[in-house]
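Breakdown of the fold
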Amino acid sequence: MKEYEVIKNYILAMLISKKKNNEQGLVSSDIENEISNVKDLWEKLDHELFYRIVGSSEKDFVDFPLDDYFEKMKREFEEQFNVRLEKGVLIQGENSQKRDTSWWTNRVKQEGDNYYSGRNLKYLKEQGSLSIPVIQTINIDTDNILDNIENPKTESFDIHGMVVGHVQSGKTGNYSNLICKAADAGYKFIVVVAGGTNILRSQTQERINNDFIGFSGGSKVGVGLLAGYENTRKPVSLTTLDADFNKADAIKASQGLSFDTISTPVVLVIKKNTTTLTNVINWLASQYRGEITEHAILMIDDESDYASIDTSKEEDDPSTINRKLRKLLSIFTRKSYIAYTATPYANVFIDDEAKHEEEKDLFPEDFIYALDVPSNYFGAEKIFLGEDRYLISVNDYKDLLPSKHNKHSIVIGLSKSLKEAIHTYLINIAIRHLRGQVSNHNSMLIHISRFTNIHKQISILVDEYLELIQNDLYSYGRVENALEKSSLIADIFLTYSSHNVNDKPSWISLLNELSGFIKRVVVREVHGEVKENKLEYIKSKPTYAIVVGGQSLSRGFTLEGLTVSYFLRNTKFYDTLMQMGRWFGYRVGYEDLCRIYTTPKIINNFSEIISATNELFIDFGRMSNLNKTPKEFGLCVKESPGSALQITAKNKQKNADSVILDLNLDGRIVETSWIKNSIDSNNNNIITFQELIKSIGIPENVGKQYLWRDVSRSKIQKFLNKFEIFNAGSSEDDNPLSIISKMPTWFVKKYAEEKDTLWDIALYSGNGEEFILNDYKIKLQERKFDLYENYFEVRSRQVSSGNAESLPLYNLSLQKSIYKRKEARLLRKKPLLMLHLIEPNFESREKSVVSLKFTPLAAFGISFHGEPSSGTGTMSIKVNTVWLRNYYQGLNDDYEDLEQ
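The following refers to the structure shown.

Considerations on the overall build of the protein chain
- Counting its secondary structure elements, the protein chain contains 27 helices and 34 strands.
- Buried positions account for 58% of the 900 residues belonging to the protein chain.
- Look at the contacts in the protein chain between residues 6 or more apart in sequence, and 79% of them connect residues 24 or more apart.
- In the form shown here, the protein chain has an accessible surface area of approximately 38,000 Å², with 46% of it arising from carbon and sulfur atoms.

Below, the structure written as structure tokens:
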């Protein structure tokens, strides 16, 4: 496939050149025209001359299937260039709503030459990896963000904001462009507080070197390679790829110059580390006495929910990193702090009124800006709430490692599923080669524990297994009877046979390709103790690496060309779990190859946090439209089912025996997505359906569905008290929240008891077997389930269909009952009890079928009407602080439990 890559790269260069000269970007006709031009060259010229024109030194290329190749190139180019990105959503603080938040776009930007930001945007266009509409939206977003900090010429200011993106979605690119604009505006001191590891800091430094500084190690890179680079405007970088900040190097790099004597901006990319922050503070103290009043600081706090939050138990004893960040900001009278994160839960829970030594905490009181994602983003929703092709359930992890283990535990051996994951990774490299993606990096992630000693053991075992595969492929990969000669090759063939991908190549061509590169595949550990054989992605040569690690592979670290992840590491905290998922991002041309091997519990947890995160971003838009402030947004998040709960008046209840938990049900949906694996329980629930329907009269027929309007709450209370819900909890020592099962029973029962309102009830019909409930004929609804020991779980935890909540809005004159879920809740005036009788499909993720002794399954959901931010549907319960501590406690210092 070498010829495919050569010709594609030639056409790509033509398209990038055309894109640079077209502010509107490329359309399909541009792609078709360039391909047509190359086809004409192929047909009219001697093929040896053709290859010289397209930039190849090869002279012995065979003729290739012209139409198939060019059609494939067209699809890939359209996927790359026809990408859209919507602008972000802004929530402004009370003070920001009063001050000038157009100082940059309406004045300073128009008056300046915009040297740094102009070159950054030009560099993004010439790279060719982003479409013009995406670059345009980045430009708009960063304009909006800069408008909402403050003009650095203002005499005194203290701005705190937050930018919320998605994991691996391009937040670094956003703040790189923002930094360039801040430099154009006159910000003199720019500090990027990167992650907590050297690897992540170095990775961020490389990005800033390319996007802003233009130099690395004395050589021009990125924007520095563009025409018109002015050495006199080169930013002063006090950190390098290899070295974090220290005072001696800073003095040497700045050559004794101060902010007062240099005209260019000073930039630091530092690790989120107490020692480094102290070094910066001491260096500034040695340069200036007292506050710095004439120059402005912009601090970008990347992954700001990690280590930046004040987690101390007492208000006057904040965590060290939090204190150092605030201390650094306090040196300047002109300061802007922007937190960047994909998991903002901790940030909005910061006490917005807390002060320490007269310094306010880092709550984003001035603005929150929520970024959208490009249309080609390979995100959590597509993986965990979409089709099942990307997920492979792992149930044999105890063959690898005890579920409860510590740093001294012994890795038992490689499990069958881990070996299969390695096979899948190798097959994926071969398929990418055959697709013409020969020059691309390819990675596999193995993340099963946080302990370095476990990583070392796994690495050794994987390396030994890889060597066996390499030897067999080298010896037998290109002989006729390879499957008979090698059991390992036969195992790879079994994995190949079940690998569901687009345009799957033949086994013979794949095996031939695999045998050619197999010796280049390496195993690399990523953790603090690695001194040699470090993971590197070199631009001139593709890296094929199986990467083993833990904490260092979380939070911002990018694995290039990641197609296979073997992930067992669980946690009780949703934001931590989301950040450990390195498989999100952009997989143009190979998205169909991606696979995640993990446990059913982790799949469930990801599904839950994704639903909560989707709610969060919807709330951003809603609260922006309502002109709410970040403080009000924090309150809304604390009360929503999506974010679980928050303690009422937490600062006043530190020593209480119990606390109050609030949950706002307005504008939300709750469902019994977990169902007891019990014949008796299910029979009871069907009888409960029958008794309710018998007691509420004659329904309306809405298509195949049935609808009862204006039912008294006493009927609902009786129904809720009799229906058996899995893990509903019956006492304070149980699970009164039932957050995991998405049916917070206590809160729902309290709503029915306290809210003096009528209800609507709906009975739904699907496409399954016919069933008669009382006198009403329906067809059962078909749903996929996962089977566990004590319960069944609906796939994606969604019982109802997309338009189920709009049934009461059915209008005979308009013949319309289909509204989006959120729209339906806003339009309805009553809560809706939704009754579902389900014909379950228990086809597991391993494609085995489980027989069920009883059907149908009874499930229900409640769609609460109204606006989530109203707070009128907030219910409260009291729980014991011991229970609360157990619920929120982090990982034990000495042990990790894969089954927690």
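Next, the rest of the story.
So, unusual backbone geometry
- Even without being a glycine, N533 presents a positive backbone phi close to 50°.
- Note on placement: N533 falls in the loop between β16 (521–526) and β17 (544–549).
- On the accessibility criterion, N533 (54% relative accessible area) is exposed.
- If you check the backbone angles, N774 has positive phi at about 55° while not being a glycine.
- Note that N774 resides in the loop between β27 (770–773) and β28 (776–779).

As for the nonpolar core
- Counting residues in hydrophobic clusters, the biggest one holds 69 residues, and the most contacted among them are L400, M444, I446, V521, I546 and Y566.
- Sort the elements by how many residues they give to this core and helix α15 (residues 416–434) lands first, with 10 residues.
- Listed in part, the 38 residues of the second largest apolar core include V191, L268, L284 and L329.

Section: α15
- Its 19 residues give α15 an end-to-end C-alpha distance of 27 Å, which sits within 8% of 27 Å, the value for a rise of 1.5 Å per residue.
- Looking one or two residues past α15, G436 carries a phi angle of roughly 90°, positive in sign.

Remarks on the side chain of S449
- Position of S449 relative to the elements: it lies in the loop between β15 (442–447) and α16 (452–476).
- In this structure the side chain of S449 is engaged in a polar contact, spanning 3.0 Å, whose partner is the side chain of H405.

Observations concerning the packing of aromatic side chains
- Counting across every chain of the model gives 28 aromatic pairs.
- Their ring planes at 65° and their centres at 5.8 Å tell us that F245 and W283 sit as a pair that is edge-to-face. You can see F245 sitting in the loop between β6 (236–237) and α10 (247–254) and its partner W283 sitting in helix α11 (residues 274–287), a full 38 residues away along the chain. You'll find F245 and W283 in the same group, each marked buried.
- Pairing Y751 with W759 gives two aromatic rings, centres 6.2 Å apart and planes at 90°, and the pair type is edge-to-face.
- Feature note: the residues F189, F245, W283 and F332 constitute an aromatic cluster, connected by ring pairs.
- We note R432 situated over the ring of Y590; from NZ or CZ to the ring centre the distance is 3.7 Å.
- Across the ring face of Y496, the terminal group of K504 is positioned such that the distance to the ring centre comes to 4.4 Å.

Quick look at the pattern of salt bridges
- Within this structure, the stated rule accounts for 19 salt bridges.
- A salt bridge links R107 to D100, with the nearest nitrogen and oxygen atoms 3.5 Å apart.
- The class for R107 is partly exposed, based on a relative accessible area of 34%.
- Among the residues examined, D100 registers a relative accessible area of 37% and is labelled partly exposed.

Points about the sheet that holds strand β18 (residues 562–567)
- The sheet built from 6 strands is open, its strands ordered β13-β19-β18-β15-β17-β16 with parallel pairing. Every interior strand has two partners, whereas the edge strands, β13 (391–393) and β16, have only one. Across the sheet, the mean angle from the axis of one strand to that of its neighbour is 15°, orientation sign disregarded.
- Here β15 runs beside β17; their pairing, made up of 5 bridges, is parallel. Bridge pairing in β17 links S443 to A545.

Topic: the packing of α15 against helix α18 (residues 487–498)
- Across the interface, α15 lies against α18 with an axial gap of 9 Å and an inter-helix angle of 75°. Comparing the axis directions of α15 and α18 gives the class roughly perpendicular. Seen from α15, the contacting residues are E420, H423, T424 and I427; seen from α18, they are D491, I492, T495 and Y496.
- A class-by-class count of the residues in the contact of α15 with α18 yields 3 nonpolar, 3 polar and 2 charged.

Considerations on the sheet that holds strand β1 (residues 89–92)
- Spatial ordering of the open sheet is given by β1-β12-β2-β9-β8-β3-β7-β6, a layout of 8 strands whose pairing is mixed. Each having just a single partner strand, β1 and β6 make up the two edges of the open sheet.
- As judged from the 2 bridges shared by β6 and strand β7 (residues 266–270), these two strands associate in the parallel manner. What sits directly across from S237, in β7, is V267.
- Strands β2 (157–164), β9 (332–341) and β12 (367–370) of the sheet are contacted by helix α7 (residues 132–147), whose axis makes an angle of about 175° with β12.
- Sheet strands touched by helix α9 (residues 198–213): β3 (189–193), β6 and β7. Its angle to β7, the strand with the most contacts, is close to 155°.

A closer look at the pairing of strand β31 (residues 832–841)
- With 8 of 10 residues buried, β31 is to be regarded as a mostly interior element.
- Sheet analysis places strand β26 (residues 759–763) next to β31, joined by 4 bridges and oriented parallel. Note on β31: the bridge partner recorded for D760 is L832.
- As paired elements, strand β29 (residues 781–787) and β31 share 4 bridges and run parallel to each other. Residue pairing for β31: E782 is matched across the bridge by E839.
- When β31 meets strand β32 (residues 857–863), the two strands line up antiparallel, connected through 7 bridges.

Quick look at the environment of Y340
- Mapped onto the secondary structure, Y340 falls in strand β9.
- Note: C-alpha distance between Y340 and N174 (166 residues apart in sequence) is 9.8 Å.
- Engagement of the side chain of Y340 in a polar contact is seen with the side chain of N174, the distance being 2.7 Å.

Some remarks on the environment of S800
- Following the sequence through the fold, S800 ends up in the loop between β30 (791–794) and α26 (821–827).
- The spatial distance from the C-alpha of S800 to the C-alpha of Q781 is 9.3 Å, given a sequence separation of 19 residues.
- If sequence neighbours within four positions are ignored, S800 has contacts with I669, E671, R783, R821, M834 and H836.
- Polar contacts involving the side chain of S800 include one to the side chain of E671, which spans 2.8 Å.

Topic: α18
- If you check α18, its first and last C-alpha atoms are 17 Å apart, about what 12 residues at 1.5 Å a residue would give, namely 16 Å.
- Buried within α18 we find L488, I489, I492, T495 and Y496. Projected onto a plane normal to the axis of α18, the buried residues spread over an arc of 115° and lie on a single side. For α18, exposure combined with an orientation more than 90 degrees from the buried face picks out S487, L494 and S498.
- The inward-facing, buried residues of α18 abut α15, α16, α17 (482–485) and α19 (507–517).
- By the N-cap criterion, in which a side-chain oxygen at the helix start approaches the backbone nitrogen of a residue two or three places on, α18 is capped by S486, the distance to L488 being 3.3 Å.

So, the packing of helix α5 (residues 103–111) against helix α8 (residues 171–185)
- Running from N to C, α5 and α8 cross one another at 60°; their axes reach a closest spacing of 10 Å. Classified by the angle between their axes, α5 and α8 sit oblique to one another. At the point where α5 passes α8, the crossing takes the left-handed sense. Residues W103, W104 and V108 of α5 pack against K181, D184 and A185 of α8.
- Of the residues contributing to the contact of α5 with α8, the split by class is 4 nonpolar, no polar and 2 charged.

So, the side chain of S443
- Within the fold, S443 resides in strand β15.
- Among the polar contacts listed, one links the side chain of S443 to the side chain of Y537, at a separation of 2.6 Å.
- Here S443 is in contact with Y425, Y537, A545, L559, E560, G561, L562, T563 and V564, once residues within four sequence places are set aside.

What counts and what doesn't
Residues numbered from 1 in each chain as written. Predicted model: local features only at pLDDT ≥ 70, side-chain atom pairs only at ≥ 80, totals over all residues. Heavy atoms only, no water. Helix = DSSP H or I, 4+ residues; strand = E, 2+ residues; numbered from the N terminus. Buried < 20%, exposed > 50% of the residue type's maximum accessible area, 1.4 Å probe, protein only. Contact = heavy atoms within 4.5 Å. Areas by Shrake-Rupley, 256 points an atom, 1.4 Å probe, with all protein chains shown as cover. Core = buried A, V, L, I, M, F, W, Y, C linked by side-chain atoms within 4.5 Å. Expected span 1.5 Å × (residues − 1). Polar contact = N/O pair within 3.5 Å; in protein donor to acceptor, adjacent residues only side chain to side chain. Phe/Tyr/Trp six-rings, centres within 6.5 Å; stacked < 30°, edge-to-face > 60°. Lys NZ or Arg CZ within 6 Å of the ring centre and 35° of its normal. Salt bridge = Lys/Arg side-chain N within 4 Å of Asp/Glu carboxyl O. Pairing = 2+ DSSP bridges. Axes fitted to C-alpha atoms, helices over the stretch in contact; angles between N-to-C directions. Parallel < 35°, antiparallel > 145°, perpendicular 65-115°, else oblique. Nonpolar A, V, L, I, M, F, W, Y, C, P; charged D, E, K, R; others polar. Arc of directions from axis to C-beta. Left-handed = near helix turned anticlockwise from the far one by under 90°.

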